[in-house]
Amino acid sequence: MARRRLLLLLKPFDVLPTNQSDNIFHFRNPKLLQVLKYLDNRRLVHKEAIKFCQNILRKKLVDWEAVYRFNLSRPIRDVDLVVTIGGDGTLLQASHFVDNSIPVLGVNSDPTQAKEVEEYSEEFDASRSTGFLCAATIKNFEQIIDDILENRARPFEVSRMSVTLNSKELTPYALNDVLIAHPCPATVSRFSFRTKKEDQSCSSLVHCRSSGLRVSTAAGSTAAMLSAGGFAMPILSKDLQYIVREPIAPGAYNSLMHGIVKPEELMEIAWYCKEGLIYIDGSHLVHSVQYGDIIELSSNAPKLKVFLPSHLIS
């Protein structure tokens, strides 16, 4: 069997500033000390998970290189597999740098512990990493790697979203969602939208005054979309889901404030504010829009090959 080439994409583990981490026990406030101990434990657990995974890979017929995600600046090429060690954010970062030929395996390095969350529920939120798209933890990492290397496991194709601004394609493709809104959250966003198919309108033109428009893929439908009143979609769905945030007096358009864009359709948005922003997969990837700009969103984008947790596909 030929040696495989892997890229390990790592979440940084320095959660606390060094001076606080080294002097964590010098704090006299019991509640603050409790929180700092929790944060320091998260750092250590993640650090140990990285070491664990690397030690496993040293025993396998693979060549690998480790890169922290903040050092990733160009497309990932010439590898057979990307392994992300962190949580959904690290896997999301990887998705912005791979095409549809390189599969991704997510390792949740610091899963949430239900007992811990319950124990500290009166003090602070002790949730750790959700790892929704992560198929592995340190408990099953070796088994999953063996299954991949011996071709017993296959990746699934998860939809991404393409974004165009005035007919120019923006990068990267969105794995989770796109938010279009005014830069100031207290300012009304004015826009119109409709769905189209082969240059023919599929829906009426909808005029909106609201706090913005969110559109998600299936992968992103359990995140902000669900919190905003949307619904979770099957992970392999090719549909997009949209929701107008806090619509002002929608009137006859009320039933169109939330809906679906089918794979053969696209959503066309005309922006009618002096300024606006397009957020792709959170707050780090942002593009500016201005009055009269036309934005188009569709699922006509290269799929992401990813090894999924069994509960998402069973």
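Fair warning: this is a prediction, and the values are worked out from it, not measured in the lab.

Quick word on the overall build of the protein chain
And step 1. The helix and strand tally for the protein chain stands at seven helices and 19 strands.
And step 2. For the protein chain, the C-alpha radius of gyration of 22 Å lies close to 20 Å, the compact-globule estimate for 314 residues.
And step 3. The C-alpha extent of the protein chain, read off along each of the three principal axes, is 60 × 55 × 35 Å.
And step 4. When burial is assessed residue by residue, the protein chain has 48% of its 314 residues classed as buried.
And step 5. Taking all contacts inside the protein chain whose residues are at least 6 apart in sequence as the whole, residues at least 24 apart take part in 68%.
And step 6. When the accessible surface of the protein chain is summed, it comes to about 16100 Å², and 49% of that surface belongs to carbon and sulfur atoms.

Regarding the packing of aromatic side chains
And step 1. Applying the stated criterion across every chain yields a total of six aromatic pairs.
And step 2. Considering the side-chain rings of Tyr-120 and Phe-124, the 5.1 Å spacing of their centres and the 20° angle between planes classify their relative orientation as stacked.
And step 3. Among the residues examined, Tyr-120 registers a relative accessible area of 17% and is labelled buried.
And step 4. Grouped by ring-pair contacts, the aromatic residues Tyr-38, Tyr-120 and Phe-124 constitute a single cluster.

Re the sheet that holds strand S3 (residues 81–86)
And step 1. Judged by pairing direction, the sheet is mixed, and its six strands sit side by side in the order S2-S1-S3-S4-S19-S5 without closing on themselves. This sheet does not close on itself; its edge strands, each paired only once, are strand S2 (62–68) and strand S5 (156–158). Neighbouring strand axes in the sheet, compared pairwise and without regard to direction, differ in orientation by 30° on average.
And step 2. The sheet contact formed by strand S1 (residues 4–10) and S2 spans seven bridges and is parallel. Pairing of Arg-5 across the sheet is with Asp-63, part of S2.
And step 3. Set on the sheet, helix H5 (residues 141–149) makes contact with S1, S2, S3, strand S4 (104–108) and strand S19 (304–307); between it and S4 the angle comes to about 175°.

Describing the sheet that holds strand S17 (residues 285–290)
And step 1. If you trace the six strands from one edge of the open sheet to the other, you get S14-S13-S12-S8-S16-S17, paired in antiparallel fashion. Of all strands in the sheet, those with a lone pairing partner are strand S14 (258–261) and S17, marking the two edges. Strand-to-strand twist of the sheet, defined as the mean angle between neighbouring strand axes without regard to direction, takes the value 20°.
And step 2. Where strand S8 (residues 177–181) and strand S12 (residues 213–216) come together, four bridges link them in antiparallel fashion. Paired with Val-178 across the bridge in S12 is Val-215.

Some points on the pairing of S3
And step 1. Most of S3 is tucked away: six of the six residues are buried.
And step 2. Because side chains alternate across S3, one face comprises the buried residues Leu-81, Val-83 and Ile-85, and the other comprises Val-82, Thr-84 and Gly-86, equally buried.
And step 3. By the bridge criterion, five bridges tie S1 to S3 in an arrangement that is parallel. If you follow Leu-6 over to S3, its bridge partner there is Leu-81.
And step 4. Both S3 and S4 contribute to a ladder of five bridges, which runs parallel. Paired with Val-83 across the two strands is Leu-105, which belongs to S4.
And step 5. In the classification by handedness, the crossover that spans S3, the intervening helix H3 (residues 88–95) and the parallel S4 is right-handed.

Quick look at the domain arrangement of the protein chain
And step 1. One can read the domain layout of the protein chain as domain 1 (5–154) and domain 2 (161–301).
And step 2. With centres defined by C-alpha atoms, the gap from domain 1 to domain 2 works out at 31 Å.
And step 3. If you look at the interface, domain 1 gives six residues, while domain 2 gives nine residues.
And step 4. Of all residues in domain 1, Leu-92, His-96 and Phe-132 give up the largest surface area on contact with domain 2, accounting jointly for 73% of the area buried on that side.
And step 5. The tally of links from domain 1 across to domain 2 stands at zero salt bridges.

Scoring rules and cut-offs
- Residues numbered from 1 in each chain as written.
- Predicted model: local features only at pLDDT ≥ 70, side-chain atom pairs only at ≥ 80, totals over all residues.
- Heavy atoms only, no water.
- Helix = DSSP H or I, 4+ residues; strand = E, 2+ residues; numbered from the N terminus.
- Rg over C-alpha atoms; globule rule 2.2 N^0.38 Å.
- Buried < 20%, exposed > 50% of the residue type's maximum accessible area, 1.4 Å probe, protein only.
- Contact = heavy atoms within 4.5 Å.
- Areas by Shrake-Rupley, 256 points an atom, 1.4 Å probe, with all protein chains shown as cover.
- Phe/Tyr/Trp six-rings, centres within 6.5 Å; stacked < 30°, edge-to-face > 60°.
- Pairing = 2+ DSSP bridges.
- Axes fitted to C-alpha atoms, helices over the stretch in contact; angles between N-to-C directions.
- Right-handed = clockwise from strand over helix to strand, strands pointing away.
- Domains from an automatic or database assignment.
- Buried area = accessible area lost by both parts, 1.4 Å probe.
- Salt bridge = Lys/Arg side-chain N within 4 Å of Asp/Glu carboxyl O.

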